[in-house]
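Observations on the model geometry
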Amino acid sequence: MGKAPKGSKKKPRRHNPVRVPDSHLGHGVQLAEQTSSKGGQVIPVLDKLDSPEVEDRRWACAAVSSLIQNDASTRRLLQAKGVVDKLITRLSDTDEDVVAEATGSLRNLAVDGGYDMCAHMFNKNILAPLKSFVPKITATLQEFLGASPPKNPKGLKRRVYEFAENVITLFWCLSETSNKALSAINGANLTPFLMAFLISRDKIPLKTVLAAAQCLYVLSDDNDPTALAIRKTQAYTSCLLGIVTSTEPDNSTDSANAMAVDKPADSEKRMNLKVLTCGILKNISPLPTMGPNPPEDLDKKITLPLLVSLLDYSPQNAANQVQELITAEDLKQNSKVLKGCVNDSIPKPDHQSETELELESIEGQLRTLILALEVLTGVCANLPDPEPVDQGTLTINGARLSH
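So, here's what we can say about the structure. Just so you know, these numbers come straight off a predicted model, no measurement behind them.

Quick notes on the nonpolar core
Counting residues in each nonpolar core, the largest one holds 94 residues, and the members touching the most others are Met121 and Leu198. Non-local contacts of Met121, meaning those with residues more than four positions away in its chain, are made with Val84, Ile88, Leu106, Leu109, Ala110, Ile126, Leu170 and Leu174.

Pasting the structure below:
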């Protein structure tokens, strides 16, 4: 898309194109209570958010994410009952696990709730605790990536990287809320913090690296503080160019130690990272002269070939494949019901089924396609107009001949 005029309010992007729509639900507590199927669970959860017992607060923060999953009515009800205020208070809790669970729930609310939810969070001063997390995450990241990383309890790295991902995603969503929110985030000087994840991408889970890239992509779009901070630092521009020109997969995965066996969806996520990086490079153009390719060759030799190659992906084929997967899964579930193999009282396993993994892969490819189209639109919008061809002039070996 073309650049917005300086000083104008940027049109917010849709934080989650596949979020459950809720425009049909109306507003107000009474309507939310009437349309939510989990209304009876809301008050106990809200009460336990203020419990003196750590376990109760931890459980309640996690329960919010469970209640709002694919349920816009319950999300509206929780918002109307003041869940955002309570969760922001929990960001200053004395227990680290409570803070982590509260951050995760706020992240999910921001992604699913969109502009109105993010504006509400900003007005409730969520940025104050979020900014305080940045130096703590930075210090922990340096410990993990140091020459002699400390021995940590099993699962600690995963929890830290998930916490970092949630914090970064909140910054990303909030930055698209208003110019006022963007200015406040600019004041936090997040560029070194976010670039550290991209620079050390081979040692960090891919989901966390993607969150940092997405946040940088948004913050560098028509926003001089971030764009200039990246452009003037050679280590940053070299890192970005290294990502888009890389032909070999790095070691980053979605594992806690970033060294586990690749998952099928990792290749889509790596491509998504390349496209996001193309967007960042476009946002900070013109680049300083460095490396074998001059800045003017960036679009011609790197950005355009990569983005155009993604246009071969067929959304129609993806839609057909999704329908086939859903139909097959429905038949499988119906067969289990007929055989009496389904027991709703037994919790479902945490691991994803083969169908869920395939659907996740398709969703990842579609997201990458949408992002590629967005970046490609920006590239094309800034291309120079073609020079008019004079039909009466012929050029031979550089000499212009008129006839």
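Now, onward.
Quick look at the pattern of salt bridges
Scanning the entire structure with this criterion turns up nine salt bridges. Linking Asp50 and Lys86 is a salt bridge whose minimum nitrogen-to-oxygen distance equals 2.3 Å. Note that Asp50 is positioned in the loop between helix H2 (39-48) and helix H3 (54-68) and Lys86 in helix H5 (residues 83-90), a separation of 36 residues in sequence. Overall, Asp50 belongs to the partly exposed group, its relative accessible area being 44%. One salt bridge connects Arg58 with Asp97, and the closest N-O pair in it is separated by 3.9 Å. Here Asp97 lies in helix H6 (residues 96-123) and Arg58 lies in helix H3, a separation of 39 residues in the sequence.

Quick look at a nonpolar patch on the surface
Where nonpolar side chains cluster on the molecular surface, the patch consists of Val308, Leu311 and Leu373 and spans about 230 Å² of accessible area. In this fold, Val308 is placed in helix H15 (residues 297-309). A relative accessible area of 42% places Val308 in the partly exposed class.

Things to note about the packing of aromatic side chains
Counted under the stated rule, the structure contains three aromatic pairs. For the pair Phe133 and Phe163, a centre-to-centre distance of 5.1 Å together with 65° between the ring planes defines the contact as edge-to-face. With Phe133 in helix H7 (residues 127-145) and Phe163 in helix H8 (residues 156-175), this pair connects stretches of sequence that are 30 residues apart. You can call Phe133 buried: its relative accessible area is 5%. The class for Phe163 is buried, based on a relative accessible area of 16%. An angle of 90° between the planes, with centres 5.3 Å apart, marks the rings of Phe193 and Phe197 as edge-to-face. Of the two residues, Phe193 and Phe197 are both situated in helix H10 (residues 191-199); the distance of four residues between them amounts to about one turn of the helix. Cation over ring: Lys48 sits above Trp59, and NZ or CZ is 5.0 Å from the ring centre.

A short note on unusual backbone geometry
What you tend to see is this: most non-glycine residues have negative phi, and most peptide bonds are trans. Residue Pro286 is reached from Ser285 by a cis peptide bond, and omega for that bond is 5°. By the secondary structure assignment, Pro286 is in the loop between helix H14 (264-284) and H15. Backbone geometry at Asn189 places phi at a positive 50°, although glycine is not the residue there. Tracing the backbone through its elements, the reader meets Asn189 in the loop between helix H9 (179-186) and H10. We note that Asp222 has phi near 55°; this positive angle belongs to a residue other than glycine.

Quick word on the side chain of Arg201
Position of Arg201 relative to the elements: it lies in the loop between H10 and helix H11 (206-219). Judged by relative accessible area, Arg201 falls into the buried class, the value being 19%. Within polar-contact distance, the side chain of Arg201 engages the backbone oxygen of Leu198 at 2.9 Å.

Quick word on H5
Within the span of H5, buried status applies to Val83, Val84, Leu87, Ile88 and Arg90. Summarising the axial view, the buried residues of H5 lie within an arc of 155°, below the 170-degree limit, and thus occupy one face.

Cut-offs applied
Residues numbered from 1 in each chain as written. Predicted model: local features only at pLDDT ≥ 70, side-chain atom pairs only at ≥ 80, totals over all residues. Heavy atoms only, no water. Core = buried A, V, L, I, M, F, W, Y, C linked by side-chain atoms within 4.5 Å. Buried < 20%, exposed > 50% of the residue type's maximum accessible area, 1.4 Å probe, protein only. Contact = heavy atoms within 4.5 Å. Salt bridge = Lys/Arg side-chain N within 4 Å of Asp/Glu carboxyl O. Helix = DSSP H or I, 4+ residues; strand = E, 2+ residues; numbered from the N terminus. Patch = residues over 30% accessible without salt bridge, like charges linked within 9 Å, V, L, I, M, F, W, Y side chains within 5 Å. Areas by Shrake-Rupley, 256 points an atom, 1.4 Å probe, with all protein chains shown as cover. Phe/Tyr/Trp six-rings, centres within 6.5 Å; stacked < 30°, edge-to-face > 60°. Lys NZ or Arg CZ within 6 Å of the ring centre and 35° of its normal. Polar contact = N/O pair within 3.5 Å; in protein donor to acceptor, adjacent residues only side chain to side chain. Arc of directions from axis to C-beta.

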